[in-house]
Amino acid sequence: MKLLDPRHIAYEVLRRVDEGAYSDLALDAALRAAPGIDPRDRGLATELVYGVLRRRGSLDFALGRFCSQPLEKVEAGVRTLLRLGTYQILHLDRVPAPAAVHETVELARTLGLERATGFINGILRALIRGAAAIPWPDPQKATLAHLEQVLSLPPWLARRWRRELGDEEALALAAAMLEPAPFTLRVNTLRLERDAYLEELRKAGYEVQATRYAPEGVRVTARLPGALPGTGEGFCQVQDEASMLIARLLDPQPGERILDACAAPGGKTTHIAALSGNAAAILALDLHPKRVRLIGEGAYRLGCEGIETSDWDLTRPPGFLDAESFDRVLVDAPCSGLGVLRRNPETRWRRIEADIGRLALLQGTILGNVAPLVRPGGTLLYSLCTLTPEETDGVVDAFLAGHPDFVREDLRLSAPAGWQELFDDRGALSTFPHRHGGMDAFFAVRFRRRG
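Bear in mind the structure is a predicted one, so any value in this text is a computation, not a measurement.

### Some remarks on the overall build of the protein chain
(1) Moving on: Regarding its fold elements, the protein chain presents 17 helices and 12 strands.
(2) Moving on: A compact globule built from 451 residues should have a C-alpha radius of gyration of about 22 Å, and the protein chain, at 23 Å, falls within 12% of that.
(3) Moving on: Projected onto the principal axes, the alpha-carbon positions of the protein chain cover approximately 75 × 50 × 40 Å.
(4) Moving on: When the accessible surface of the protein chain is summed, it comes to about 19200 Å², and 51% of that surface belongs to carbon and sulfur atoms.
(5) Moving on: Side chains of the protein chain carry 56 positive and 59 negative charges; the gap between the two charge centres is 3 Å.

Printed below as a string of structure tokens:
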């Protein structure tokens, strides 16, 4: 592998994703293996990976106009090269179209795919000539086709969002999910206040602004190469603004015992510690031991105290914990992840509709297993980065039906006035990127155990 060639890096990452890797982890590993790469090439490799994954549906639709055989029958490596070339031709104005073809063909030779160079060259040059005549479906006249072939939703998800949201909202949400997610930071208030960190970033040459809703949030609109100022000192944590709202809704207090039930990688755990001024006793659980270690590492970097960690499979009752022993419990449950498709674009093509019901059952099981741990009068917060009815209201309603000792709270009654637009008509947090300043799609409901 040519470690400094951004197109080669992107190809290898996409190949690994096809084999089951997560795009963010595979890309991070590939870029760490190329420490001398030019920042511009680093940016190109990143854009190619995420762009091809996000827009695979539209890329394949365009290629289908010029490929003489069905794409699913094309050799996997050649298909990836065609997608890389097509993305550059259709979406990267700074890369001249002939250069995109040339680089794609040369990469094929480097990869030992000499036999396919004529095939690749012919399709991509035909695409250049015919790009203006591609019959992209109209969003009003052919909404479903537009969602699939222009906005790159898998067919099952396009149908579902039309049914659940209506055409206008489905189109707006799908379009938002094609855009890169904003780069946001949570300022670690155990170290310094947001205004001080904003000033430090500006002095270093960053373009930044305070987030609209999260009091600790910073949006970085223009970055510089290298580590962020204060990274080593634990000044900040990369975290989406919607995610920052969750610990706020949990409302941890000094002196309390708190459980973060599905905690890894630990962003919300360390936020809980900061909000309690390092004066709460926090237990962070997660299924995977390797991910549990990430919680401890993050807590150490940020100067968070009072956090214990352990691995546990919460499909089983945590018998090692005493009943009614926690003041607050957070269940940020494993879910379909449809609210963070921008960040994990491979989810578009891996998730199937049958997963939704399976995940809803898992979420209900986890809630049922942690509910006995909440003391009378205590709080249980359920949150997800998705928006399916089954995983949100469906799980909530089923939980309440089976646990009459819990009542649902209306989050609007205790939230700041500026947050009111973030809640649905039942008082649940319900954020959307196209409605709420680009933040991820999150859902949260808070329960209180009867005293």
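### Considering the UniProt feature "active site" (unreviewed entry) in the protein chain
(1) Moving on: Taken from the UniProt record, the annotation "active site" (unreviewed entry) applies to Cys385.
(2) Moving on: Counting through the fold element by element, cysteine 385 comes out in the loop between β9 (374-384) and α17 (390-402).
(3) Moving on: Discounting chain neighbours no more than four positions away, the residues touching cysteine 385 are Cys335, Gly337, Leu338, Gly339, Val340, Ala441 and Phe442.

### Examining the domain arrangement of the protein chain
(1) Moving on: For the protein chain, the assigned domains read domain 1 (6-133), domain 2 (150-176), domain 3 (183-238) and domain 4 (241-449).
(2) Moving on: Each of domain 1 and domain 4 has a C-alpha centre, and the two are 37 Å apart.
(3) Moving on: Contact with domain 1, which involves 11 residues of that partner, is made by 8 residues of domain 4.
(4) Moving on: Buried surface at the junction of domain 1 and domain 4, both sides included, amounts to about 800 Å², of which 46% is carbon and sulfur.
(5) Moving on: Considering only the surface of domain 1 that becomes buried against domain 4, Leu53, Arg54 and Arg56 emerge as the three largest contributors, covering 53% of it.

### Digging into empty space enclosed by the protein
Empty space left among the atoms is revealed by rolling a probe the size of a water molecule over them.
(1) Moving on: The tally for this structure, following the rule as stated, stands at 1 cavity of 30 Å³ or more.
(2) Moving on: Each pocket or cavity is described by its volume, and for the largest cavity that value is around 50 Å³.
(3) Moving on: Lining the largest cavity, in full, are Leu14, Asp18, Val52, Leu53, Arg56, Thr80 and Arg83.
(4) Moving on: Elements represented by at least two residues in the lining of the largest cavity include exactly α1 (6-18), α3 (39-54) and α5 (76-91).
(5) Moving on: Partitioning the lining of the largest cavity into residue classes produces 3 nonpolar, 1 polar and 3 charged.

### Quick word on the side chain of glutamate 12
(1) Moving on: Checked against the element boundaries, glutamate 12 lands in helix α1.
(2) Moving on: Among the residues examined, glutamate 12 registers a relative accessible area of 15% and is labelled buried.
(3) Moving on: Engagement of the side chain of glutamate 12 in a polar contact is seen with the side chain of arginine 15, the distance being 2.9 Å.

### Observations concerning the pairing of strand β12 (residues 443-449)
(1) Moving on: The buried fraction of β12 amounts to 6 of the 7 residues, a majority that puts the element mostly inside the structure.
(2) Moving on: Looking at chain direction, strand β10 (residues 406-409) and β12 are connected through 4 bridges and run antiparallel. Counted as the bridge partner of glutamate 409 is arginine 446 from β12.
(3) Moving on: Where strand β11 (residues 429-430) meets β12, 2 bridges bridge the pair, whose relative direction is antiparallel. When the sheet's bridge partners are listed, serine 430 is paired in β12 with phenylalanine 443.

### Looking at the environment of alanine 176
(1) Moving on: Tracing the backbone shows alanine 176 in helix α10 (residues 167-176).
(2) Moving on: Since its relative accessible area comes to 14%, alanine 176 is described here as buried.
(3) Moving on: It is 20 Å that separates the C-alpha atoms of alanine 176 and phenylalanine 61, two residues lying 115 residues apart in sequence.
(4) Moving on: Once residues lying within four places of it in the same chain are set aside, the contact partners of alanine 176 are Arg342, Pro433 and His434.

### As for helix α6 (residues 97-110)
(1) Moving on: Taking 1.5 Å of rise per residue, 14 residues should cover 20 Å, and α6 covers 20 Å from first to last C-alpha, within 8% of that figure.
(2) Moving on: For α6, the complete set of buried residues consists of Ala97, Ala100, Val101, Thr104, Val105, Leu107 and Ala108. Looking down the long axis of α6, one finds its buried residues gathered within 160° of arc, a one-sided arrangement.
(3) Moving on: The elements touched by buried residues of α6 are α1, α5 and α7 (117-130).
(4) Moving on: Positive phi shows up at glycine 112, right after α6, with a value of about 80°.

### Regarding the layout of surface pockets
(1) Moving on: Considering only enclosed or pocket space, the second largest pocket measures out at about 290 Å³ in volume.
(2) Moving on: Lining of the second largest pocket is provided by 18 residues; of these, Leu165, Leu387, Thr392, Ser430 and Phe432 occupy positions nearest its centre.
(3) Moving on: In terms of residue class, the lining of the second largest pocket is made up of 8 nonpolar, 5 polar and 5 charged.

### A closer look at the sheet that holds strand β4 (residues 236-238)
(1) Moving on: Strands sit in the order β2-β3-β1-β4 across an open sheet of 4 strands; the sheet is antiparallel. Strand pairing shows two members of the sheet lacking a second neighbour, β2 (207-210) and β4, which therefore form its edges. Direction aside, the axes of adjacent strands within the sheet are offset by 35° on average.
(2) Moving on: Note that β2 and strand β3 (residues 217-222) share 4 bridges and pair antiparallel. Note on β3: the bridge partner recorded for valine 208 is valine 220.

### Structural notes on the packing of α5 against α7
(1) Moving on: Packing of α5 against α7 brings their axes to within 10 Å, and their N-to-C directions diverge by 25°. Classified by the angle between their axes, α5 and α7 sit roughly parallel to one another. Crossing hand, α5 versus α7: right-handed. Across the interface between the two elements, Val78, Leu81, Leu82, Gly85, Thr86, Ile89 and Leu90 of α5 pack against Phe119, Ile120, Ile123, Leu124, Leu127 and Ile128 of α7.
(2) Moving on: Residue classes in the contact of α5 with α7 are distributed as 11 nonpolar, 2 polar and no charged.

The rules behind each value
- Residues numbered from 1 in each chain as written.
- Predicted model: local features only at pLDDT ≥ 70, side-chain atom pairs only at ≥ 80, totals over all residues.
- Heavy atoms only, no water.
- Helix = DSSP H or I, 4+ residues; strand = E, 2+ residues; numbered from the N terminus.
- Rg over C-alpha atoms; globule rule 2.2 N^0.38 Å.
- Areas by Shrake-Rupley, 256 points an atom, 1.4 Å probe, with all protein chains shown as cover.
- Lys, Arg positive; Asp, Glu negative; His and termini not counted.
- Charge placed at Lys NZ, Arg CZ, Asp CG, Glu CD.
- UniProt positions renumbered as here; feature names shortened; annotations may be inferred.
- Contact = heavy atoms within 4.5 Å.
- Domains from an automatic or database assignment.
- Buried area = accessible area lost by both parts, 1.4 Å probe.
- 1 Å grid on protein atoms, 1.4 Å probe; cavity = no way out; pocket = protein on both sides within 12 Å on 5 of 7 lines; lining within 4 Å.
- Points joined across faces, edges and corners; volume = space filled by probe spheres on them.
- Nonpolar A, V, L, I, M, F, W, Y, C, P; charged D, E, K, R; others polar.
- Buried < 20%, exposed > 50% of the residue type's maximum accessible area, 1.4 Å probe, protein only.
- Polar contact = N/O pair within 3.5 Å; in protein donor to acceptor, adjacent residues only side chain to side chain.
- Pairing = 2+ DSSP bridges.
- Expected span 1.5 Å × (residues − 1).
- Arc of directions from axis to C-beta.
- Axes fitted to C-alpha atoms, helices over the stretch in contact; angles between N-to-C directions.
- Parallel < 35°, antiparallel > 145°, perpendicular 65-115°, else oblique.
- Left-handed = near helix turned anticlockwise from the far one by under 90°.

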